[in-house]
Amino acid sequence: FQRTMQEIDDKFCTIAMSKRIYSGTTALIAVVVGGEHEQRKLVVSNVGDSQAFMSVQGEAKSVSVCHKPEMEADRIVAAGGWLCEEKEMTIHGEHVTCRLNGGMSLSRAIGDVEYKRLRNVYCKSAGCEWDFPPGHSKTFTSDLLVAD
C-alpha cells in the first residue's frame, strides 16, 4: 500500500501546486485478503489521523495507526520542524492538541505541500494486518467492518 499512497500523494501534490491548493487530506485503505478456504486477513494502511476499528464479539478494536505530531516528535524536529500545544475548551472540558509548526494536528498526509517542502510531513503509510478467526463472517458495512 505504501507505493499506492505515495503515487496518490505525488499526483495530488502536482495538481495542488499547479492550482495553488495548499490543503491536504488523510486516507485509509482496508482490504480483506485470502480465499474462501484460506485464513483471511484484514490489511489496513493509513496516513494521517483516519482511524479504523473492527468489532470483535461486540468490542471495538483499533486496527489502524493514528499519526499525530507528538508520536513522531523526534523525526519532525530532526527535519527542522517544531511542535506546540494548543489548549481549547470544549463542552467536555479542556482539550490539548499538539500542532506541527503551529498548524497541522497530524504528521502524515496526502497533499499539504507547504509542509512537505519543509520535510516535516510525509506520506509514508502505516500498515497493519489482522487475522480473522476461521469460520467467522466478514462484512463491510459502509465505513464499518464487522467480524462476528
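For the structure, check the block above.
Residues numbered from 1 in each chain as written. Predicted model: local features only at pLDDT ≥ 70, side-chain atom pairs only at ≥ 80, totals over all residues. Heavy atoms only, no water.

Trainee: Help me understand the sheet that holds strand β2 (residues 27–33), please; the structure alone is not making it clear to me.
Mentor: Think of a sheet as strands paired side by side through backbone hydrogen bonds, with each pair either parallel or antiparallel. With antiparallel pairing, three strands are arranged side by side in an open sheet as β2-β3-β9. In this open sheet, the two strands that pair with only one neighbour each are β2 and β9 (126–131). Here the average twist between neighbouring strands, direction ignored, is 15 degrees. As paired elements, β2 and strand β3 (residues 41–47) share seven bridges and run antiparallel to each other. Looking at the pairing, I29 lines up with S45 of β3. (Pairing = 2+ DSSP bridges. Helix = DSSP H or I, 4+ residues; strand = E, 2+ residues; numbered from the N terminus. Axes fitted to C-alpha atoms, helices over the stretch in contact; angles between N-to-C directions.)

Trainee: Which parts of the structure should I look at to understand the nonpolar core?
Mentor: A general tendency of soluble globular proteins is for nonpolar side chains to be buried together. I76, L100, M104, L106, A109 and Y115 form the largest nonpolar core, which has six residues in total. Judged by nonpolar contacts, the second largest core, of five residues, contains L42, A52, M54 and V63. (Core = buried A, V, L, I, M, F, W, Y, C linked by side-chain atoms within 4.5 Å. Buried < 20%, exposed > 50% of the residue type's maximum accessible area, 1.4 Å probe, protein only.)

Trainee: Help me understand unusual backbone geometry, please; the structure alone is not making it clear to me.
Mentor: Peptide bonds are mostly trans, and most non-glycine residues show a negative phi. Located in the positive-phi region is R20, a residue other than glycine, with phi close to 55 degrees. R20 gets classed as exposed once you look at its relative accessible area, which sits at 66%. Here the phi dihedral of D112 falls at roughly 50 degrees; this positive angle occurs in a residue that is not glycine. If you trace the backbone, D112 turns up in the loop between β8 (110–111) and α3 (113–117).

Trainee: Just checking my understanding: could you explain the pairing of strand β4 (residues 53–56) for this structure?
Mentor: Both faces of the sheet carry side chains from a regular strand, because those side chains alternate between them. The pairing of β4 with strand β5 (residues 59–62) spans four bridges and is antiparallel. When the bridges of β5 are listed, S55 appears paired with A60. Taking the residues between adjacent antiparallel strands as the criterion, β4 and β5 are bridged by two residues, where Q57 takes a positive phi near 50 degrees.

Trainee: Help me out: how do you make sense of helix α1 (residues 2–18) in this one?
Mentor: An α-helical turn contains 3.6 residues, so a residue and the one three or four places further along point in the same direction. Between the first and last C-alpha of α1 there are 24 Å, a value that for 17 residues agrees with the 24 Å anticipated at 1.5 Å per step. Within the sequence span of α1, burial applies to M5, D9, C13 and A16. Along the long axis of α1, the arc covered by the buried residues comes to 65 degrees, so they all point the same way. Among the exposed residues of α1, those oriented more than 90 degrees off its buried face are R3, K11, T14 and S18. Along its buried surface, α1 packs onto β2, β3, β8 and α3. Looking one or two residues beyond α1, the residue adopting positive phi is R20, at roughly 55 degrees. (Expected span 1.5 Å × (residues − 1). Arc of directions from axis to C-beta. Contact = heavy atoms within 4.5 Å.)

Trainee: Even after reading the chapter, I still don't get the pairing of strand β6 (residues 83–90), so can you show me in this structure?
Mentor: Note: β6 against strand β7 (residues 93–100), eight bridges, orientation antiparallel. Bridge pairing links E86 to T97 in β7. With antiparallel pairing between neighbouring strands as the criterion, β6 and β7 make up a hairpin whose turn holds two residues.

Trainee: What should I look at first to understand the environment of E129 in this one?
Mentor: One can find E129 in strand β9. For E129, a relative accessible area of 53% gives the class exposed. The spacing of E129 and V63 is 66 residues in sequence and 8.0 Å in space, taken between C-alpha atoms. Ignoring sequence-local partners within four residues, the contact set of E129 consists of K41, L42 and V43.

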